[in-house]
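# Descriptive analysis of the structure
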Amino acid sequence: MASTNSWTLELESQVDAPRHFRACALDWHTLAPKLAPHAIDSAHLVEGDGNIRQFNFTSAMPFNVVKEKLEFLDVDKCECKYTIECDGVETAMWNIKVKPTANGGSVANVECTYKQLPGKDEFLKAKDTITNMFKTAEAYLITNPEAYN
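Report follows, based on the coordinates. (Residues numbered from 1 in each chain as written. Predicted model: local features only at pLDDT ≥ 70, side-chain atom pairs only at ≥ 80, totals over all residues. Heavy atoms only, no water.)

### Digging into the pairing of strand S3 (residues 52–57)
The buried fraction of S3 is high, at 6 of 6 residues. Neither face of S3 is left uncovered, since the one carrying Ile52, Gln54 and Asn56 and the one carrying Arg53, Phe55 and Phe57 both have all their residues buried. Bridge analysis of S3 against strand S4 (residues 65–74) gives 5 bridges, and the strand direction is antiparallel. Residue pairing for S4: Ile52 is matched across the bridge by Lys69. (Buried < 20%, exposed > 50% of the residue type's maximum accessible area, 1.4 Å probe, protein only. Helix = DSSP H or I, 4+ residues; strand = E, 2+ residues; numbered from the N terminus. Pairing = 2+ DSSP bridges.)

Structure (structure tokens):
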């Protein structure tokens, strides 16, 4: 029987909340293959206007394919929720909120709740992947100040 697990991240950034949210939460399927080709081979929208997107990973990652389905989106509040489908996981949900900070930057709060299949521990590694995603996007946005304005 699968057990329910969770983790939470709080990631500070120099980049303002709307830009960081758009790059990481809304358009990562476009940026990821360019910014992290060592980990993400390709990514694309599966259906709708971004409701489901698929990420195809390289052998460097514990997953071959991950599908994300957008369940909730509030662009003005920089908040969204995705359900995740991937190998070794019965169910998973990501809740992403990016809030502005007093210094003009932002803080991203990522909550993940998942049911891992017995004998699998790959999804815990997703915590490091998400951290790297936000940091990679931050570096890109700092060096490209016009992107996602």
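The structure having been displayed, the exposition proceeds.
### Some points on the pattern of salt bridges
Within the structure shown, the criterion is met by 2 salt bridges. Across the salt bridge formed by Arg53 and Glu68, the nearest N and O atoms sit 2.7 Å from each other. Of this pair, Arg53 sits in strand S3 while Glu68 sits in strand S4, and the two are 15 residues apart along the sequence. Close ionic contact of Glu138 with Lys135 constitutes a salt bridge, the shortest N to O distance being 4.0 Å. (Salt bridge = Lys/Arg side-chain N within 4 Å of Asp/Glu carboxyl O.)

### Observations concerning helix H1 (residues 17–26)
Most of H1 sits out of view: 7 of its 10 residues are buried. Within H1 the residues assigned to the buried category are Ala17, Arg19, His20, Phe21, Ala23, Cys24 and Ala25. Measuring from the backbone nitrogen of Arg19 back to the side-chain oxygen at the start of H1 gives 3.2 Å, which picks out Asp16 as the cap. (Polar contact = N/O pair within 3.5 Å; in protein donor to acceptor, adjacent residues only side chain to side chain.)

### Some words on the side chain of His29
Mapped onto the fold, His29 is located in helix H2 (residues 28–35). According to the relative accessible area criterion, His29 is buried, its value standing at 12%. Separated by 3.3 Å, the side chains of His29 and Arg53 make a polar contact. Not counting the four nearest positions on each side in its chain, His29 is found in contact with Ala43, Leu45, Arg53 and Phe55. (Contact = heavy atoms within 4.5 Å.)

### Examining empty space enclosed by the protein
Leftover empty space is mapped by rolling, across the atoms, a probe with the size of a water molecule. Taken as a whole, this structure holds 1 cavity of 30 Å³ or more when the rule is applied. Its volume calculated, the largest cavity comes out at about 40 Å³. Around the largest cavity sit Cys24, Ala25, Arg53, Glu68, Tyr82, Trp94, Ile96, Ile130 and Met133, which together line it. If you list the elements that add at least two residues to the lining of the largest cavity, you get H1, strand S6 (89–100) and helix H3 (126–143). Residue composition of the lining of the largest cavity, grouped by class: 7 nonpolar, no polar and 2 charged. (1 Å grid on protein atoms, 1.4 Å probe; cavity = no way out; pocket = protein on both sides within 12 Å on 5 of 7 lines; lining within 4 Å. Points joined across faces, edges and corners; volume = space filled by probe spheres on them. Nonpolar A, V, L, I, M, F, W, Y, C, P; charged D, E, K, R; others polar.)

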